[in-house]
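# Secondary and tertiary structure notes
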Amino acid sequence: MILPLFLIPAWLLLLISPAAALQRTFEIDYSNNCFRKDGQPFRYISGSIHYFRVPGFYWKDRLLKMKMAGLDAIQIYVPWNFHEPKPEKYQFTGDHDIEAFLKMAHDLELLVILRAGPYICSEWDMGGLPAWLLEKQSIVLRSSDADYLAAVQRWMGVLLPKMKPFLYQNGGPIITVQVENEYGSYFACDFNYIRFLENLFRQHLGEEVVLFTTDGLNIGFLKCVTLQGLYSTVDFDQVGTNVTAAFLSQRHSEPRGPLINSEFYPGWMDHWGQKHFVVPTQAVVKTLNEILVLGANVNFYMFIGGTTFGFWNGANMPYAPQPTSYDFNAPLSEAGDLTEKYFAIRDVIGKFKKIPEGPIPPSTPKYAYGQIALVKLNTVAELLGTLCKGGPIKSIYPLTFEQVKQYYGFVLYRTTLLINCTQPTPLFTILNGIRDRAYVTVDGVPQGILERDKNTLINITGKAGANLDLLVENMGRVNYGNYINDFKGLVTNVTLGNNTLSNWSIFPLDIDSAILHGLQNRSPASQLFSDAQLLAPAFYTGSFSIPSGIPDLPQDSYVKFPGWNKGQIWINGFNLGRYWPARGPQMTLFVPRDIFTTCAPNNITVLELESPPQSKGKYIVEFVDTPILNATLEYDMKNVQLIFRRRL
């Protein structure tokens, strides 16, 4: 079917106009070590923004702030698992609408650097690769494995045709496209795989598009992607870096062509239980000035970090999951607020190019809605009929999340005690088989917590015939390095005393859907305590109203968890993310205004996994107007340095 011209959106006509395409070129000038845009020398100053970490409601606000900082371009990742959470079930609407995001950038005259994957890292679950790939247990990710290539080819056959109209040569904003990501930091070093990707991208995008790769400064990292047709770029930070020497690493692979730092770090990521990273503004602007003096292209990773909502966070090794906030100590805060670093960077950029005229959008107002009282609903075990509509899967030995097609969140594993454990009896898995955290109860009585790499054995008590439940939490799959095939759940057998436990009932929990449809109290809420005063994982609910007659409400806010330990929170059915004030550093979660409503009560559901505030039945969450991201209770500098050096 051919649409009449009057039915085709004006912006799409612009993108497909033959005249516009003939006039637009973007290419590498090897003779003069620069890009050429429409025949003229060009250098970009860019910033990373993740559309999947910023609500669509705020896309334009964040993009306009980036433009007013003097940026020519934005850089975006495309997380495969965000768009294909289940095989051939695609999501490209709402906050998943990458085409709408690209159109918005184009309307604001921002160029786009597209990092299409299939792997992206990004501190995102499994580096953006879908967990369903692990249903084939022997799969070799990011390689020429036939099953992996088939899945990649199918996915790129969906994504890249959507991207082609947005190429600069076709009248759109995309000037360059990255193939894979930091591949030199992965063990495979499979040239056939990289060549396969290059050919696949060329097949869908054409021969004119500039394809590039990105790796750390180590020359060894660059060798696995140094192929004709792919332009090599590098990543480096601002602390103690000799900029001239850093670009020599790129020159080892690319003797001629533009100098490019594809990831210049004005901040850094956080991990639960470790210090909130703060990078001094002076160090950032000093190195930025040195990069720009050399005439190099640069991209800030991140210019705005945003929020990792839901269960999407990744983890690094040694196993350290990232928190919900992806603030990154970036020039724009998690909530899109202007910072001292933003204006300092803008001042440096202004020395090298003209800054756009006009007002900078202000920081959005925040509102403290105050304390909200919750009531206990039921434990997870008491709500199994609601949370697992299809009933349990029976297996002699435990199955992983991937084997039961539960890719995120929680699975409850249940078996019965075959012996009396009147005396404390050790419960453990061999080979660190908890992925990643298990909340253990016997007939509803809490026994303790098993945790990957930390607490691998607990003692339990109970009578023969009692239900032994292990509620296992997926804390986020490894997103970087050699261990991204990160299976979740009970990945080895469970041993009680000298006996291997068997005959499991496995309950994949669809908590998101259950909350959307409204959790209902199924029976009187239990109050079974253990000696350690842990409570069985349970849901708590409450609501509050925002008057509709007050101008400018609702506004953004932050939710705080006084006295709570660890869990997950949903507001109006939206999975806001994980909280863990018992470990820190993040103590508040950002709540964008579009989640709230003035038309009905705002419903809050909390899943507390350890123990709620011990305040005689009063369970309070508090909405405040200021974030707390740096209240660290424990801090391991060695681990932080290990992770920080990962790209060097």
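By the naming in an unreviewed UniProt entry, the protein chain goes by Beta-galactosidase and is assigned to Geotrypetes seraphini. Turning to the protein chain, the UniProt record has this under Subcellular location (unreviewed entry): "Lysosome". Comment text from UniProt for the protein chain, heading Sequence similarities (unreviewed entry), reads "Belongs to the glycosyl hydrolase 35 family."

### What about the overall build of the protein chain?
Regarding its fold elements, the protein chain presents 14 helices and 33 strands. Rg of the C-alpha trace for the protein chain: 26 Å, near the compact-globule value of 26 Å for 648 residues, within the 12% margin. Referenced to the eigenvectors of the C-alpha coordinate spread, the extents of the protein chain come out at roughly 80 × 60 × 60 Å. Evaluated residue by residue, the protein chain yields a buried proportion of 61% over its 648 residues. Of all intrachain contacts in the protein chain linking residues separated by at least 6 positions in sequence, the fraction that spans at least 24 positions is 80%. As presented, the protein chain carries roughly 24400 Å² of accessible surface, and 54% of it is formed by carbon and sulfur atoms.

### Digging into the sheet that holds strand β33 (residues 619-624)
Reading across from one edge, β30-β29-β32-β27-β14-β33-β28-β31 is the order of the eight strands in this open sheet, with antiparallel pairing throughout. Of all strands in the sheet, those with a lone pairing partner are β30 (574-579) and β31 (588-591), marking the two edges. For this sheet, the mean inter-axis angle between neighbouring strands, taken without regard to orientation, is 30 degrees. Direction of pairing for strand β28 (residues 557-560) relative to β31: antiparallel, over a ladder of four bridges. What sits directly across from Ser 557, in β31, is Val 591.

### Notes on the nonpolar core
Residues Ile 74, Ile 76, Leu 141, Tyr 148, Val 177, Leu 509 and Phe 539 are the most contacted members of the largest nonpolar core, which totals 139 residues. In contact with Tyr 148, other than residues within four places in its own chain, are Trp 80, Pro 118, Leu 129, Leu 133, Ile 139, Val 140, Leu 141, Arg 142, Ser 143 and Tyr 193. By size, the runner-up hydrophobic cluster in this structure holds 26 residues, among which are Ile 372, Leu 553, Phe 561 and Ile 571.

### Let's talk about unusual backbone geometry
Along the chain, Gly 117 connects to Pro 118 via a cis peptide bond; the corresponding omega equals 15 degrees. Relative to the helices and strands, Pro 118 resides in the loop between β6 (111-115) and α6 (146-163). Omega for the peptide link from Tyr 301 to Met 302 comes to 5 degrees, which places this bond in the cis form. Within the secondary structure, Met 302 is located in the loop between β11 (297-300) and β12 (315-316). Phi at Cys 189 is positive, roughly 45 degrees, even though this residue is not glycine. Within the fold, Cys 189 resides in the loop between β7 (174-178) and α7 (191-205). In this structure Cys 189 comes out as partly exposed when scored by relative accessible area, which is 24%. Positive phi is not limited to glycine here, since Asn 329 has a value of about 50 degrees.

### A short note on the packing of aromatic side chains
The tally for this structure, following the rule as stated, stands at 52 aromatic pairs. When the ring of Tyr 51 is compared with that of Phe 52, the centres are 5.3 Å apart and the planes differ by 85 degrees; the resulting orientation is edge-to-face. For the pair formed by Tyr 51 and Phe 52, the shared burial category is buried. Taking the centre distance of 5.9 Å and the plane angle of 90 degrees together, the rings of Trp 80 and Trp 132 count as edge-to-face. One end of the pair, Trp 80, is in helix α4 (residues 80-83); the other, Trp 132, is in the loop between β6 and α6, and 52 residues separate them in sequence. Ring-pair connections join several aromatic residues into one group, and the members of that group are Tyr 51, Phe 52, Trp 59, Phe 82, Phe 101, Trp 124, Trp 312 and Tyr 408. Here the guanidinium or amino end of Arg 53 rests over the ring plane of Tyr 326, the centre of that ring lying 3.7 Å away. Of note, Arg 142 hangs over the ring of Tyr 119, and the distance from its end group to the ring centre comes to 3.6 Å.

### Some remarks on the environment of Asp 347
Checked against the element boundaries, Asp 347 lands in helix α11 (residues 340-350). As for Asp 347 and Glu 334, which are separated by 13 residues in sequence, their C-alpha atoms are 22 Å apart.

### Observations regarding the sheet that holds strand β4 (residues 45-48)
Pairing within the closed barrel is parallel, and its eight strands lie in the order β4-β5-β6-β7-β8-β9-β10-β11. Across the sheet, the mean angle separating the axes of adjacent strands is 30 degrees when strand polarity is ignored. Pairing between β4 and β11: three bridges, direction parallel. Its bridge partner lying in β11, Ser 46 is registered against Asn 299.

### Brief notes about the pairing of strand β29 (residues 567-571)
Consecutive side chains of a regular strand alternate in pointing toward one face of the sheet and then the other. With respect to burial, β29 is a largely interior element, five of its five residues being buried. Burial of the side chains of β29 extends over both faces: Gly 567, Ile 569 and Ile 571 are buried on one face and Gln 568 and Trp 570 on the other. In the sheet, β29 pairs with β30 via five bridges, with the strands oriented antiparallel. The partner of Gln 568 across the bridge, within β30, is Arg 578. Between β29 and β30, which follow one another and run antiparallel, lie two residues, and Asn 572 among them has a positive phi close to 50 degrees. Where β29 meets strand β32 (residues 602-608), five bridges bridge the pair, whose relative direction is antiparallel. Residue pairing for β32: Ile 571 is matched across the bridge by Ile 604.

### Considering the state of the cysteines
Under the definition given, this model contains one disulfide. The disulfide partner of Cys 189 is Cys 224, and the gap between their sulfur atoms is 2.0 Å. Where Cys 189 bonds to Cys 224 through sulfur, the torsion about that S-S bond is close to -105 degrees, and the disulfide is left-handed. Residue Cys 189 is located in the loop between β7 and α7, and its partner Cys 224 is located in the loop between α8 (219-222) and β9 (231-236); the two are separated by 35 residues in the primary sequence.

Each value, and the rule that gives it
Residues numbered from 1 in each chain as written. Predicted model: local features only at pLDDT ≥ 70, side-chain atom pairs only at ≥ 80, totals over all residues. Heavy atoms only, no water. UniProt positions renumbered as here; feature names shortened; annotations may be inferred. Helix = DSSP H or I, 4+ residues; strand = E, 2+ residues; numbered from the N terminus. Rg over C-alpha atoms; globule rule 2.2 N^0.38 Å. Buried < 20%, exposed > 50% of the residue type's maximum accessible area, 1.4 Å probe, protein only. Contact = heavy atoms within 4.5 Å. Areas by Shrake-Rupley, 256 points an atom, 1.4 Å probe, with all protein chains shown as cover. Pairing = 2+ DSSP bridges. Axes fitted to C-alpha atoms, helices over the stretch in contact; angles between N-to-C directions. Core = buried A, V, L, I, M, F, W, Y, C linked by side-chain atoms within 4.5 Å. Phe/Tyr/Trp six-rings, centres within 6.5 Å; stacked < 30°, edge-to-face > 60°. Lys NZ or Arg CZ within 6 Å of the ring centre and 35° of its normal. Disulfide = S-S within 2.5 Å.

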